[in-house]
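Geometric and topological summary
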Amino acid sequence: MEKIFNSPGIAPSLVFYFTVADVTVSARHSLSAEAYKIWGARIEVIDGNSLSELLIDPECLWIASEYLQLSPQLLGSNGAIDVAGELTRTGDVIIRHIEDLDPIRDLGIHSPLCIDEWQGLPPYVKRAIDSRLDDLINRGGLVVVEGNSASGKTRTAFEAVLRINIQPKNRRPVLIPKDGASLRKLIASGYPIENAIIWLDDLERFIGLGGLDEGIIRLFGSESGVLFIATLRSRAKAAMTQASGATGRSLANVYKAVMAGAGTVRVDRNLNKKERQRAFRLAADLRIRSALEKSNSAGFAEFIAAAPSTLERWRDGQDGANEIGAALVSAAVDFRRAGYLSPIPKEWLEAVFKEYLDERIMNRLTPTELEEGFSWSVELVHGASSCMIVLGNDLYGPFDYLVDYTQGESENKTDGSSKFQSLTDIPDELWHELADRISLDDPNLMSCVSTASLSPHPGLQAVYRQAILQGSIPANSLNDAGALLSFARSCINAPMCIVCQSLRLGVPLRPLLQALLEEFGKIQEEDFPSDAQVGCVAALASLGGESGLENPDSPLREAADHFPTHQWRNVGEFMIRNSMDFEGRCWVAYADIQEGKKASWPVSLVKARGVLFREYDLPSGEIS
């Protein structure tokens with residue numbers, strides 16, 4: 001052990017020690033405790049008895065036969081073990097305990113979104129159906145977790161199996177057949193599956209000719225201790241209920257017979273109110289926070305599951321799978337990055353997408369290929385999310401994750417030096433088309449003008465200023481709540497100082513604060529806030545933490561003085577309750593000043609980033 005831990009390199013945190021001698025349980029515990037005390041590492045002793053047990057496991061019999069030259073007779077092998085050994089060797093059946101299985105590779109859980117240090121499976125958000133699912137599992141027999149693709153069915157089933165195996169005395173082997181024929185072959189061999197868990201991800205793959213039928217379910221009823229736990233896509237269920245068979249009974253009849261005694265729970269793609277509140281408590285994981293924010297474009301689980309696959313599909317399209325469709329998606333992504341937050345008209349995408357295509361493809365493009373590109377861009381990935389989303393008649397929007405990813409990549413290429421640099425990869429033609437096509441009364445005008453002012457193409461800003469001078473934009477339009485909230489959101493997304501942008505573009509601060517306070521007043525703390533309310537709190541947090549409230553001569557103070565003290569105190573106390581301590585304390589201090597009290601301004605230079613509201617990223621980028 002000393003040689004291991006004193007050798008160059010990183011010391012291990014876990015050591016496996018193999019010995020042919022038998023080691024008592026007390027000796028193992030003593031060695032483990034000593035190793036942890038001295039080196040801070042765990043030691044697992046695999047002794048002669050443990051090796052013997054491992055070598056008679058069906059998945060390991062081939063090791064004893066091939067490397068120890070032990071005959072099947074000496075191993076006590078019979079037909080059942082021979083069949084099980086063959087099935088496990090070929091991968092047709094996996095037999096392990098749940099703790100030894102890879103949830104993604106072995107059980108079929110979709111690969112999750114991975115961001116920076118957030119790798120592997122995200123924390124599990126307890127679902128409303130969990131208690132009923134536990135009851136059904138304890139009863140045994142066939143239990144089916146049903147729902148749309150990427151709704152979280154497999155993860156929900158996996159967590160349920162983990163819960164019943166939490167005690168060593170309750171540990172049960174999990175059998176994962178490749179298909180119905182493999183399952184039937186294992187059972188027909190006489191291999192003992194009593195007290196086992198049979199994992200059937202995508203039940204439709206197991207029902208059919210030579211596979212799972214009601215006879216197997218009857219043979220291993222609840223009294224046998226066997227648990228069949230299955231997942232079932234709603235679309236596959238609909239297909240099986242209507243399917244006929246080539247010969248004999250129809251698939252629909254087999255499915256109906258199998259499901260006759262099954263216990264079924266349904267996982268919804270969207271979290272209910274209580275589930276979202278539970279997710280809030282886990283929002284330190286950026287993936288969960290992102291999924292909560294993007295609930296308009298995807299369900300909670302499907303955002304986490306389908307985001308990586310959707311990105312991969314877009315990249316594959318760019319690499320030749322469908323370059324036209326990928327170009328349309330790229331155009332939609334860049335319209336979002338340019339500040340246009342509403343559904344994007346089809347004609348806008350058609351006017352710009354060629355900028356993302358190789359000239360040879362562009363010159364031979366046909367109308368049919370263009371329509372096929374649109375169809376490709378909205379095809380569902382995992383039956384859940386698509387690269388582009390249909391938002392109305394000839395109106396589209398990009399999958400939000402693709403926008404976030406693209407902007408992040410652009411900022412990384414420029415070392416995050418400036419927003420200006422990160423916008424340089426948006427084609428010139430897109431800025432020109434945006435300036436030509438956006439109307440002066442479009443609620444996204446201020447958002448686009450604000451973003452354009454930071455880009456290499458400030459032409460839209462010039463159009464805006466000229467329209468103001470000519471009176472084309474009436475003064476009262478600058479008081480429109482929707483336009484002002486859109487403007488604030490664009491500043492947060494940039495990120496850039498809201499007050500500075502207001503002064504630069506002539507956006508009045510007082511109506512902006514009025515719009516923010518009105519939206520804030522709609523928040524009910526027991527409910528999950530809407531996207532508009534999330535953006536509102538993000539803007540108020542940015543204003544509180546970055547805009548000099550402590551300065552009596554600041555433009556923000558001058559505008560804020562026109563509103564009642566209790567409103568600012570409510571804002572500050574709400575933020576403090578929701579992990580935005582620095583910004584909340586700034587607003588509370590300002591409320592104290594309004595009441596003539598001595599203000600206690602927070603002095604910490606570390607800004608607290610709210611777990612609830614990701615979108616109020618501060619311009620300094622500081623995160624505690």
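The structure contained in this document is the topic of the report that follows. (Residues numbered from 1 in each chain as written. Predicted model: local features only at pLDDT ≥ 70, side-chain atom pairs only at ≥ 80, totals over all residues. Heavy atoms only, no water.)

Now for the overall build of the protein chain. Secondary structure assignment for the protein chain yields 30 helices and 11 strands. The buried share of the protein chain, taken over its 624 residues, is 50%. Long-range pairs, those at least 24 residues apart, make up 71% of the contacts in the protein chain between residues at least 6 apart in sequence. (Helix = DSSP H or I, 4+ residues; strand = E, 2+ residues; numbered from the N terminus. Buried < 20%, exposed > 50% of the residue type's maximum accessible area, 1.4 Å probe, protein only. Contact = heavy atoms within 4.5 Å.)

Within strand β4 (residues 141-147), seven of the seven residues are buried, which leaves the element mostly enclosed by the surrounding structure. Examined bridge by bridge, β4 and strand β7 (residues 227-233) share seven bridges and lie parallel to one another. Residue pairing for β7: Glu146 is matched across the bridge by Leu232. (Pairing = 2+ DSSP bridges.)

Attention now goes to the packing of aromatic side chains. One pass over the full model with this rule turns up eight aromatic pairs. Ring geometry for Phe563 and Trp568: centres 6.0 Å apart, planes at 85°, overall edge-to-face. Exposure remark for Phe563: the relative accessible area of 8% places this residue in the buried category. An angle of 75° between the planes, with centres 6.1 Å apart, marks the rings of Trp587 and Tyr590 as edge-to-face. (Phe/Tyr/Trp six-rings, centres within 6.5 Å; stacked < 30°, edge-to-face > 60°.)

Moving on to the nonpolar core. If you look at the biggest cluster of nonpolar residues, it comprises 85 residues, and the most contacted ones within it are Leu349, Leu402, Leu434, Leu513, Trp568 and Trp587. It is helix α15 (residues 323-337) that provides the largest number of residues to this core, a total of nine residues. Counting residues in each nonpolar core, the second largest holds 33 residues, with Ala84, Tyr191, Leu200 and Phe228 among its members. (Core = buried A, V, L, I, M, F, W, Y, C linked by side-chain atoms within 4.5 Å.)

Another point: the packing of helix α29 (residues 565-577) against helix α30 (residues 581-594). How two helices sit against one another is set out by the angle between their axes and by the gap between those axes. Relative to each other, α29 and α30 sit at 155°, their axes nearing to 7 Å. Regarding the angle of α29 to α30, the classification is roughly antiparallel. Considering how the two elements wind past one another, α29 and α30 form a crossing that is left-handed. Here α29 contributes Thr565, Trp568, Arg569, Val571, Gly572, Glu573, Met575 and Ile576 to the contact with α30, which in turn contributes Asp581, Glu583, Gly584, Arg585, Trp587, Val588, Tyr590, Ala591, Asp592 and Gln594. Residue composition of the contact of α29 with α30, grouped by class: eight nonpolar, four polar and six charged. (Axes fitted to C-alpha atoms, helices over the stretch in contact; angles between N-to-C directions. Parallel < 35°, antiparallel > 145°, perpendicular 65-115°, else oblique. Left-handed = near helix turned anticlockwise from the far one by under 90°. Nonpolar A, V, L, I, M, F, W, Y, C, P; charged D, E, K, R; others polar.)

Turning to the side chain of Ser410, a few remarks are in order. The topology assignment puts Ser410 in helix α19 (residues 400-413). In this structure the side chain of Ser410 is engaged in a polar contact, spanning 2.6 Å, whose partner is the side chain of Asp425. If we skip the residues at most four places from it in the chain, Ser410 touches Arg337, Ser422 and Asp425. (Polar contact = N/O pair within 3.5 Å; in protein donor to acceptor, adjacent residues only side chain to side chain.)

Right, let's get into the sheet that holds strand β11 (residues 395-398). Within the open sheet, the three strands sit side by side as β9-β11-β10. Their pairing is antiparallel. Each end of this open sheet is capped by a strand with a single partner; those strands are β9 (344-345) and β10 (388-392). Inspection of the sheet shows β9 paired to β11 by two bridges, in the antiparallel sense. The partner of Ile344 across the bridge, within β11, is Tyr396.

This part takes up the pattern of salt bridges. Overall, the coordinates contain 24 salt bridges when judged by the stated rule. Through salt bridges with shared partners, a single ionic network connects Arg96, Asp102, Arg105 and Asp106. (Salt bridge = Lys/Arg side-chain N within 4 Å of Asp/Glu carboxyl O.)

Our focus in this paragraph is helix α8 (residues 180-188). Along α8, the residues that are buried comprise Gly180, Ser182, Leu183, Leu186 and Ile187. Seen end-on, α8 carries its buried residues on one side only, within an arc spanning 165°. Here α8 starts with a cap whose side-chain oxygen sits 3.3 Å from the backbone nitrogen of Ala181, and that cap is Asp179. Looking at the residues trailing α8, positive phi occurs at Gly190, about 90°. (Arc of directions from axis to C-beta.)

On to unusual backbone geometry, then. Positive phi values are uncommon outside glycine, yet Asn195 reaches one of about 65°. Within the secondary structure layout, Asn195 lies in the loop between α8 and β6 (197-200). Judged by its relative accessible area of 41%, Asn195 is partly exposed. Unusually for a residue other than glycine, Asp202 sits at a positive phi of about 65°.

Before going further, it helps to spend a moment on the sheet that holds strand β5 (residues 173-177). Ordered in space as β3-β5-β6-β7-β4-β8, the six strands form an open sheet in which the pairing is mixed. Of all strands in the sheet, those bounded by a partner on one side alone are β3 (93-97) and β8 (263-266). Between one strand axis and the next, the sheet turns through 20° on average, direction left out of account. Summarising the sheet, β3 and β5 pair through five bridges and their orientation is antiparallel. By the bridge assignment for β5, Val93 is matched with Pro177. Across the face of the sheet, helix α6 (residues 130-139) comes into contact with β4, β7 and β8 while running at roughly 160° to β8. Most of the contacts of α8 go to β5, to which it runs at about 130°, and overall it touches β3, β5 and β6.

What follows covers a nonpolar patch on the surface. On the surface, Leu14, Phe16 and Phe18 cluster together to form a nonpolar patch covering roughly 310 Å² of accessible area. Summarising the element assignment, Leu14 is placed in strand β1 (residues 14-18). (Patch = residues over 30% accessible without salt bridge, like charges linked within 9 Å, V, L, I, M, F, W, Y side chains within 5 Å. Areas by Shrake-Rupley, 256 points an atom, 1.4 Å probe, with all protein chains shown as cover.)

All right, on to the pairing of β6 then. Side chains Ile197 and Trp199 of β6 all project onto a buried face; the interleaved residues Ile198 and Leu200 project onto the opposite face, where all are buried too. Judged from the two bridges that link them, β5 and β6 form a sheet pairing that is parallel. Across the sheet, Leu175 pairs through a bridge with Ile198, a residue of β6. Handedness of the β5-α8-β6 crossover: right-handed. With four bridges joining them, β6 and β7 adopt parallel strand pairing. (Right-handed = clockwise from strand over helix to strand, strands pointing away.)

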